[in-house]
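# Coordinates in review
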Amino acid sequence: MQSTLRRSGTFAAFLLPPKHRIEPGEPAFAAALARCRFRTIENAADEAVSSGWVTPEDPSGDTHAIEDMDTGGGIWLRLRIDTKKLPASQLAMHLAAAKRAKGLALNARERRELKHDLLEKLMPRVLPKTTNVDGLLFVTKDRAIVFSGSKSHREAFAKAFRESFGVELQPLGPREVALDRLERSDAKAIEELHPVRWSQAGRTA
């Protein structure tokens, strides 16, 4: 594997629900990724967003070979998100030109018509903006780590995972980590604890 997984940055941890086994070595694993594979919008003639699974070695989403995802310690999953949008600078430039030609500002209908014309003319030539959201799946530990500080990107990753494997990733915070490491009886006792509400009487600012 030639690609390199990022070594620093923000990440979020998730817990896989019990009794949901995912076997990366089975053909069903690649088939599950293929159901939500990335599909290009490079030639789209309108504003659009596309997201789906790719591998670090094949950004097209056409193949999902396990050898391209196996890091030795986990499975490297990559969600590719492409966004195709009319550049705001292009719209502003053409609006200014139309206003100058008309001699006054365009009304709402004229602005909509101009934007529609620009979309038809320019969008086939506009390349999408690509974002890769990487994650590591640790099957034996029922864990997943998503390397992104963006809430929307983490939600997109979790949504694709759910649609592919029928499994809802559960956010894993410090509290969940602590409970997961305790014996069942101790974890149950902590779950039943209630916060202490201290009296405000007699306290000074």
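Residues numbered from 1 in each chain as written. Predicted model: local features only at pLDDT ≥ 70, side-chain atom pairs only at ≥ 80, totals over all residues. Heavy atoms only, no water.

## Here we look at the overall build of the chain
Helix and strand counts for the chain stand at six helices and six strands. Counting over 205 residues, the chain shows a buried share of 34%. Excluding contacts between residues fewer than 6 apart, the proportion of contacts in the chain whose partners are at least 24 apart in sequence is 71%. With an accessible surface of roughly 13500 Å², the chain has 53% of that area assigned to carbon and sulfur atoms. (Helix = DSSP H or I, 4+ residues; strand = E, 2+ residues; numbered from the N terminus. Buried < 20%, exposed > 50% of the residue type's maximum accessible area, 1.4 Å probe, protein only. Contact = heavy atoms within 4.5 Å. Areas by Shrake-Rupley, 256 points an atom, 1.4 Å probe, with all protein chains shown as cover.)

## What about the sheet that holds strand β5 (residues 143-147)?
Taken in spatial order, the six strands line up as β2-β3-β4-β5-β1-β6 in an open sheet, and their pairing is antiparallel. On the outer flanks of this sheet lie β2 (48-54) and β6 (170-171), each paired with one strand and no other. Across nine bridges, strand β3 (residues 75-84) lies against strand β4 (residues 129-138) in antiparallel orientation. Each bridged residue has a counterpart across the sheet, and for T83 the counterpart in β4 is K129. Each of β1 (12-15), β2, β3, β4 and β5 touches helix α4 (residues 151-165); the most contacted strand, β3, lies at about 115° to it. (Pairing = 2+ DSSP bridges. Axes fitted to C-alpha atoms, helices over the stretch in contact; angles between N-to-C directions.)

## Overview of the side chain of S164
Looking at the secondary structure, you find S164 in helix α4. Residue class for S164 comes out buried when judged on its relative accessible area of 3%. There is a polar contact of 2.8 Å between the side chain of S164 and the side chain of W53. Ignoring anything within four residues of it in the chain, the contact list for S164 reads A32, L33, R35, C36 and W53. (Polar contact = N/O pair within 3.5 Å; in protein donor to acceptor, adjacent residues only side chain to side chain.)

## Here we look at the pattern of salt bridges
In total, this model carries seven salt bridges according to the counting rule given. Across the pair D62 and R37 runs a salt bridge, and its minimum N-O distance is 2.5 Å. Of this pair, D62 sits in the loop between β2 and β3 while R37 sits in the loop between α1 (27-35) and β2, and the two are 25 residues apart along the sequence. We classify D62 as exposed; its relative accessible area is 54%. Residue R37 is classed as partly exposed on the basis of its relative accessible area, which comes to 21%. (Salt bridge = Lys/Arg side-chain N within 4 Å of Asp/Glu carboxyl O.)

## Quick word on helix α2 (residues 88-102)
With 15 residues, α2 should reach 21 Å at 1.5 Å per residue; the first-to-last C-alpha distance of 21 Å fits that figure. Positive phi appears at G103, one or two residues downstream of α2, with a value of about 95°. (Expected span 1.5 Å × (residues − 1).)

## Re the environment of S50
Structurally, the position occupied by S50 is in strand β2. Among the residues examined, S50 registers a relative accessible area of 11% and is labelled buried. Between the C-alpha atom of S50 and that of R39, which follows or precedes it by eleven residues, the distance is 6.6 Å. What S50 contacts, discounting residues up to four positions off in sequence, is F38, R39, I41, R80, I81 and D82. Of note is the side chain of S50, whose polar atom sits 2.6 Å from the backbone oxygen of R39.

## Considering the packing of α2 against helix α3 (residues 108-122)
Viewed as axis vectors pointing N to C, α2 and α3 meet at an angle of 130°, and their least axial separation amounts to 11 Å. Classed by the angle they form, the pair α2 and α3 counts as oblique. Crossing handedness for the pair α2 and α3: right-handed. Note on element contacts: α3 touches α2 through E110, R111, L114, K115, L118 and L122, opposite Q90, L91, H94, L95, A98 and K102. In terms of residue class, the contact of α2 with α3 is built from six nonpolar, two polar and four charged. (Parallel < 35°, antiparallel > 145°, perpendicular 65-115°, else oblique. Left-handed = near helix turned anticlockwise from the far one by under 90°. Nonpolar A, V, L, I, M, F, W, Y, C, P; charged D, E, K, R; others polar.)

## Focus on α4
For α4, which comprises 15 residues, the first-to-last C-alpha distance of 21 Å matches the rise-based estimate of 21 Å (1.5 Å per residue) to within 8%. All buried positions along α4 are accounted for by F157, A158, A160, F161, S164 and F165. Angularly, the buried residues of α4 cover 160° about the axis, an arc narrow enough to put them on a single face. Buried residues belonging to α4 abut α1, β2, β3, β4 and β5. Directly beyond the C-terminal end of α4, a positive phi value near 70° is found at G166. (Arc of directions from axis to C-beta.)

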